[in-house]
Structure formats: C-alpha cells, structure tokens
2 protein chains.
Amino acid sequence: MDMKSLALLTDLYQLTMAFGYWKQRKADQQSVFHLFYRSNPFRGGYVVAAGLQPALELIRDFCFQADDVEFLATITGNDGNPIFEPAFLDYLSRLELSVDVDAVPEGTVVFPHEPLLRIRGSILQCQLLETALLNIVNFQSLIATKASRIVMAANGDSVLEFGLRRAQGIDGALAASRAAYIGGCSATSNVLAGKLFGIPVRGTHAHSWVMSFDSELESFSAYAKAMPNNCVFLVDTYDTLEGVRHAIAVGQHLKSSGHRMVGIRLDSGDLARLSIEARQLLDAAGFTDAVIVASNDLDERLIQSLKQQGAAIAVWGVGTKLVTAYDQPALGGVYKLGAIQSSNGSWLPKIKLSEQLIKTSTPGALQVRRYFDAEGNAATDMIFNELESLPAPCKVIDPFDPSIYREMRDTMVFEDLLKPAIRNGKVLGEFPSLLSIRTRTIQQLKKFHSSVLRFDNPQKYSVGLEQELHELKSRLVRQARQTQQVLEEP
Amino acid sequence: MDMKSLALLTDLYQLTMAFGYWKQRKADQQSVFHLFYRSNPFRGGYVVAAGLQPALELIRDFCFQADDVEFLATITGNDGNPIFEPAFLDYLSRLELSVDVDAVPEGTVVFPHEPLLRIRGSILQCQLLETALLNIVNFQSLIATKASRIVMAANGDSVLEFGLRRAQGIDGALAASRAAYIGGCSATSNVLAGKLFGIPVRGTHAHSWVMSFDSELESFSAYAKAMPNNCVFLVDTYDTLEGVRHAIAVGQHLKSSGHRMVGIRLDSGDLARLSIEARQLLDAAGFTDAVIVASNDLDERLIQSLKQQGAAIAVWGVGTKLVTAYDQPALGGVYKLGAIQSSNGSWLPKIKLSEQLIKTSTPGALQVRRYFDAEGNAATDMIFNELESLPAPCKVIDPFDPSIYREMRDTMVFEDLLKPAIRNGKVLGEFPSLLSIRTRTIQQLKKFHSSVLRFDNPQKYSVGLEQELHELKSRLVRQARQTQQVLEEP
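Computed from a prediction, not measured in an experiment: that's the story for all the values here. (Residues numbered from 1 in each chain as written. Chains lettered and ligands numbered in written order. Predicted model: local features only at pLDDT ≥ 70, side-chain atom pairs only at ≥ 80, totals over all residues. Heavy atoms only, no water.)

Visitor: Would you mind showing me how to read the relation of the copies chain A and chain B here?
Guide: In summary, the two copies of the chain are related to each other by a rotation about an axis coupled with a shift along it. The transform that puts chain A on chain B rotates by 180° and translates by 0.0 Å along the axis, for an RMSD of 0.0 Å. As the rotation angle and translation indicate, the two copies are arranged about a two-fold axis. Comparing interface residues between copies, 99% of those in chain A also sit at the interface in chain B, which points to an isologous, same-surface contact. (Least-squares fit on C-alpha atoms with pLDDT ≥ 70 in both. Contact = heavy atoms within 4.5 Å.)

Visitor: How should the state of the cysteines be read in this particular structure?
Guide: Covalently bonding the sulfur atom of one cysteine to the sulfur atom of another cysteine gives a disulfide. Applying the stated criterion to the full structure yields zero disulfides over all chains. A disulfide-free cysteine, A:Cys126 has its sulfur positioned 18 Å from the sulfur of A:Cys63, the nearest such atom. (Disulfide = S-S within 2.5 Å.)

Visitor: Sorry if this is basic, but what is going on with the pairing of strand 15 (residues 378–385) of chain A here?
Guide: Residue and element names in this part refer to chain A. The element strand 15 is largely enclosed, with a buried count of seven among its eight residues. Where strand 14 (residues 366–372) lies against strand 15, seven bridges are found, and the strand directions are antiparallel. Within the sheet, the bridge partner assigned to Gln367 lies in strand 15 and is Phe384. Hairpin geometry of strand 14 and strand 15 is characterised by an intervening segment of five residues between the two adjacent antiparallel strands and by a positive phi of about 85° at Gly376. Pairing analysis gives three bridges linking strand 15 to strand 21 (residues 463–466), with the strands arranged parallel. (Buried < 20%, exposed > 50% of the residue type's maximum accessible area, 1.4 Å probe, protein only. Helix = DSSP H or I, 4+ residues; strand = E, 2+ residues; numbered from the N terminus. Pairing = 2+ DSSP bridges.)

Visitor: Whenever I open this one, the packing of aromatic side chains confuses me. Can you help?
Guide: The relative placement of two aromatic rings is captured by the distance of their centres and the angle of their planes. The final tally for this structure, using the stated rule, is 34 aromatic pairs over all chains. Ring centres of A:Tyr21 and B:Trp209 lie 4.7 Å apart, and the angle between their planes is 40°; this geometry places the pair in the tilted category. Here A:Tyr21 is found in helix 1 (residues 12–23), whereas its partner B:Trp209 is found in helix 8 (residues 207–211) on a different chain. Summarising the burial analysis for this pair, A:Tyr21 and B:Trp209 share the class buried. Following the ring pairs from residue to residue traces out a cluster consisting of A:Phe19, A:Trp22, A:Phe84, A:Phe88 and A:Tyr91. The lysine or arginine in question, A:Lys255, covers the ring of A:Phe287, its NZ or CZ lying 4.3 Å from the ring centre. (Phe/Tyr/Trp six-rings, centres within 6.5 Å; stacked < 30°, edge-to-face > 60°. Lys NZ or Arg CZ within 6 Å of the ring centre and 35° of its normal.)

Visitor: What should I look at first to understand the sheet that holds strand 19 (residues 419–423) of chain B in this one?
Guide: Sheets are built from strands paired through backbone hydrogen bonds, the pairs being either parallel or antiparallel. Residue and element names in this part refer to chain B. Sheet architecture is open: seven strands sit in the order 13-12-1-5-3-19-20, paired in antiparallel fashion. A single partner strand is all that each edge strand has here, and the edge strands are strand 13 (347–349) and strand 20 (426–427). Against the sheet, helix 5 (residues 123–154) makes contact with strand 1 (30–36), strand 5 (117–122) and strand 12 (334–341), and its axis sits at roughly 155° relative to strand 5, the strand it touches most. (Axes fitted to C-alpha atoms, helices over the stretch in contact; angles between N-to-C directions.)

Okay, here's the thing in structure tokens:
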C-alpha cells in the first residue's frame, strides 16, 4: 500500500461537501475548526494528548495523487452518474494545503472541551482533513491515556507493551506501541514499532519453544546457550513452580560460567500466589536479583489488586487491555466549526446546538490558558477566544455554576497550551523525540493533584470559559433558539 | 512507511527463538501450527472467518530487507551487546519462506478450537509468522462477526459502515471496512477503503455544511444545486423536524426540476420517535420513496430495539460500535504447535497443558470436517488429525460428555473446511473477490439454525474431536501430568 499521501483516508461526505463548496465558489472561505473530546475515558479524570506528530505529518504530505483522482472519478451517485465534475477533480489534483495549525504538544494532559488541534484555513481544506485527524488523534490519545493509568498502577515498576497479536490491525498495533510509550511504558515487543519509532524492544521466548524440546529443562538450557545474557525463562508451560526450579538449575549453570539469569516470566495461573512462591524459590537459591515478569490479561485495576496482595512482580507485560483500550475502545473526539469569515473580512463565531447542552460547541478561535499556583501545580484552565482581545484581569466562569466566576490575577504563571505547528501548510521546526514526549507526560502528570488522576470518581479539574466567551456562547445559543421559534411559528 | 514486507511486524521473542533454533541447528525442523480461538465473541455463538487474504499476502511478500536486518543488528540484550550474531542476520536476509498453509476461506462460519489457519514448515519460519497472522486474522474475524450481527439485526435494511473517525488507527479503519463488508455491510464512508478494496462508498454532508451557511434552508438548496441526484439531507443541526420541513421544501424544488431527493439523515435525539414523525412529514408531502438514514452510536442491540419500537429507518449508519467491536474489542485467537517432526521423520504430536482444560491445545495436524444433514444444513463439525488415516465410519466424541459419541454415516455430505492456500511459500490460485466473500458469508449463515445465531445465550453448535484424536489428546495429557509428578517427587 502506498502511504505517501493519505488524502483519501476520509469520509466520502468530506469530498462531496468540498465539491459543494467549490461549486458555490466558497471553497476559499476562511474558517476555524477545533478538535476536542467531550468526556474523559475509563471513568477517569484526564486525557494525555497524543498522535499530533502523525497528524501533522499527514497534513504535510497531503495531496491527491493521480490514482486517487482516477478513483474519485469512478464514484457514482444514486442516478449512476459520476458525482464529481472533471473540473473539480482537476482542482483537487492541483490542491496544495495552506492551512495554519495550532496544536497541544504530545504528552500534554488535557480535559474535556479543550481543543487539541485548531485548524484555520479554507473551509474546503479544513473539511478534507477532519476524518483523518480524528482517527489519528482519537486513537493515540486514548492509548496514551490508558498507558499512563497502567504505569501509575505499576507504581515505579516497568510496564512493557505486548499487544501486537490482539491489536486492531497493523496500524492499530504500531500506533498503539507509539502511544503506549508516550503514556509511560518502557518498551514494546513489536519489532517494527521499535524500528519505526525508536522504542526499546523486549522479549525472550514463548511456550512453543519449550514444547519443541523433549523437556522444559532441555529447552531452557538450549536458550541459555544461544543467549546467555538475555534469559527470562517462561516457566508455566507445564507446571509453574517446577518451571521455576528448572530456571534455577539453568541459572546456576549460567552463574558458574560467568553469566546472569535475568529472570522468569509467569503467563498463567494466580499471579499473586505464584509470584510470591517463585520469589521464595529464587531467593532461596541465591537469585535475589532475578526479576519476575508477569503477563496475562493485565490492566491497571488487576495490577493494583495484585500489588495490594503483595505480588512479587517487578515487570508487567500488558497487551490486549492496553492496546485496544479494552474497557473503552474509542475516544469520542469531534471536530467542530468555531468561526467563519464573512465576505467583508469579519469573523462570525458559530455554534452547533444540541438537545444536550454539553454537546453544544463553543464559538470562536479558541486557545487554552493553564494557570499555575505558587507551587507550580496546575490550578485552572481558561478557554478563551483569540478573535477578541482579552480583558485584564480575566474572569473565568465556573463550569458547574455560571453565576460564579474566578478572577485570574495578572501575577499568576500561565501557559497557553496550543502552540503554532503549521503555517501555510508547512510544518514549523522539528518534531520532538518520542523519548522527550514520554518525559513530558511524566512531568505533566506530576503537576496535577492525585485526586484528579484517581482511577475512579476523580476530582473534576477546573476548566472554565473566559467571561466574554461565555457571554458570546450564551448569546449565540439564545439567537439560534429564537430563530427556530420564528421558523416554527407558521 | 514502506509496507513491501512486514517481516518485522512481530514480537521480538519470535526472533530470539528463531536465533535459538538456528543456533541449535534445529531451524529446519518441520512443524505444524494451528491458529484458532477459544471462545465466541459478543456472548454469541459463532465467528465469521476473515483476514485470510491479507494474511496470505503477508506470507507471500515476507522477506527481511536490508534496513530490517540493520535494525535487528542494533538490538541489544541486558549486557548491552547485540543479541543477534551477524551470521544469523545474514541467514535472515537470505531467508525465503517455504511453508505450506491451509486456510478456511474468508466468509466461513467457524467455531471455537477449529483451526482457521494451519501452517506447516520449518519451526523457525512458522514462528516468525505467528504474531502478524494473529494480528490480522484476530481483528478481521472479530469485525466480520460483529458486522454479521448488526446486519442480522437490520433484518434486510442496508447497513453502512461509518467508523473511520473513531477506529483504532489507520489500518484499524481500513481493515475494519474490509471485514465489515465481508460481514454483510453494504458500503463504507471510507474513501481509501473503497479505492483499496473495491467496497462501495457512501456519504453526503455533515453539520458543518449547514453551519457554514446563514440558514439550514440555504445550505440544503446549495447542496441540491451541486449534487441534485445525491441528496440525503442531514436534518438535525438545529431542530430535527424543522430540518425535515426544510428538506421537503428543497425536495419539492428538486422534483419540479426533474430530480429526486434520495432521503434524510438523523444523527441525534430519539431515533424511534423522530424517524416516525419524519416519515409522516415526508409521506404527507408526497416523498414516500425518500429513505430515512439513521446514525449515532448504533449497534445490533440498539437497532433491534429501535425496530421493535417501529422506527421508520431504512438505512443504518454504524460507526464506532462496529469498527472497534466496542463490547469486546479483541478476539483471543492463539497459534499453537500441534506436531513436530523428529529426526527419524516421524511426527510427534504436541500439546500445551493448562490448568484450565479448555486451554489445553489439541495435538496433530488438524482438519475440520463439517457434516450436513439431508436439508443441507450444518449438523456437526469433526476436528481430526491428518497425520493419521481416518477410520470408517468416523466417531465424533461429544464435546460436553466424552462418554457419548456420534457415528458419522458414510452417506452424509461433508466438506473439509481447511483448503490448500500456500505450498512451498507460493500462493495457490487467485484470491476471491470481496463481493464473492460477502456472498459466501450470507450463504454460510443460512446453513445454521437461527438458535446458533441468536445474540444472547445461543445454542452451542456441535463441534467434537474424532475419536482417535480424542484418545491421542487424553493420552498426551496423562503422560504430561505423569512426567510432572515424577519431576516433582524429589
């Protein structure tokens, strides 16, 4: 598959709308879209933003290649005729993106309704990018968030991502390995992810290795002979504690020849009980530095529970539950129009009404300002509209009670989360290394009170609208409702 | 990303084991592996096999390219030294696969413990393929199964796959579109999936189209002007029933100019009530042939419930819940060694014991024979060992009570499910078209009693082991347990 440009990685309606804008001669009308999500996954209190680099790369490489346009020419409508006019397809084949993008850096902790990406440009171009951006950012942010929870549960132990075999497709695995590393995992079993993204790769052997020999002991010896410095023996092919004894026997042989057994791996049975018993056997035989790796349907809740029971596990191999975000396999990110430029050059803020107030979008060209307290901890996020100048001091409307506001003192330290990432279709600067993104995640999480990070029923972190933005939104909601009433009268 | 060969799309331990086999000079030892799953997803009674073509293509294209080997040379063990010897990497770079593969055709209905793929060849090659084959077959079979359930709930209505924006990565979307079509969906919104796989693509416009105009009515008119024969108006941007009235107004204009409004789409609110009210408005205005498309978090249970309430919906757009298999986002397929050839050329059947009997693998080189009753309906599946000749008549051991068996009469019609697919690394014949696979799924499902296909608490379809295979397995289990007892005595 040719992955040079992913221009066709989109819903067909983006292209039919693009055609409509082009026909209406409003393809170049300037607009602002925001990519955000509405509720935190996993009953948790936050999301770790991820996927921004691949999203920006997609914009950078975006073009309609000859065979893309040829394919579009074959798409027919309900009358059996081609949907797209040749002149429009010609327009697409010559299209070069000129959008501006502001993005929250990967590894940033974010909250509902905060834009992770803001795209500004012709409405046609903004629209053509929607679906692919959502696909990439939704999934990677979901997995980075899940990984951060699992790493938190491991409480300092290493977490390895082992999910390739049960991931949702090839990129479901590769993108998950990348996002899991961003979320704090130490390594992956996925060799291709190691090659593509520079993530450390880990792994030793499977049950089939043991089964292919006449005995388990023989299989461990053979493995130790091939890789004397890289032995983590999988001990549960037949009987776990017997497997530990075989590992010890081979470990002693390794020791006598100047090597060191790294550890053992448990992949079935009761991991708490077996790890404690295995630890005793290993310690009694002098292998106090041999680590116990555990795998088998782990997630943050099971790890937490096993640790509470004193499991003697030092490395956690987590697969399916991590890479598929098993308990909530999708993040509901959306991409909404915030403003559009009228023919006289002024910006018209736009909202999408909804029966549910939480689904009514916020108008404007939005930015997020994060205020920190005297100790450097995140205190409040303020969403504001960059199409208007900010009053000083700013007032942030309490999201849970609009009659209350909080005044942000000029002396407070703050950071604006959206940073310039693309101007006129060109990526600004270099992408950060994946390792530096992973470090950012770890540092970011430390800036929030543990109550916000709790797995269940977390404290809601305070995110409010700047007062003038709040008033603009309220006004637009009232106007839209009035227009409908007028329309409904006849 | 260069996708020519996916040799590195594997867990590292497959490569460390390959290195071990190579060091032990047993890399060429012949073996048989089976890919199967152990329990049906979604509390259902079956799986629709899918992903076989991409799996076979991966084997066909498999090779270690220069940059793959260069990357492997950089992987270090715990002592900081490279894990792999240069001579082994040279061996990999010259490796050409010579495996034989037998595969269940895509679109076949299968059951727990039945091999979907059987790989026979050198143990090193079989092992190198494990992870990628699992990734591809697990996910596509999961989604084809989910799609077949949703299509069953739609009961003759069209189901469109709309999942790209919430899918798990790029291939999580593309592979899901392919598998959803195999499972019976009629079309996808994913344009790239249409181009790559020949799936029909569908879609009209989004809320942002409506919001970018001064009024909804104006936006519908503009759309109708651009695509007069392809109008499905999204009516819920502001107020759904008002939106329907606007669609009718534009539909009347279309009609007067010789065109036809295709329909409307509902994407929020109560789909049962709104579709019934929208249907009344459309019918009263003479648009009895305009279809109502619905989307918004649909799955098989919600569709069934909406139909029970008389929803006037003719086309179902299903996204997130389908492409992520939301209620069970992974199929637990495994890949287990069944037999290995000893130095004298004889085959040694192998099992992997487990504390849970259901997780103990079945030994041999397995085939599945499906027997049909006089009406042509599937009656019983028999798993048997092709390393031994079959007795006549065959006896199938009842899976729920090993003391009971069923004798399969010679006159019964049967089909062996695994078909030759690859010999000596070369794909046999042409791949079937995706449309013919989709047709196969629909025909296959008709061969099973509806009780087996029920969403909840389905009847267990009868799958048993051929008597001699059952006895072989029991004998190997006893032997393995005895060996352990001997080992544990001292």
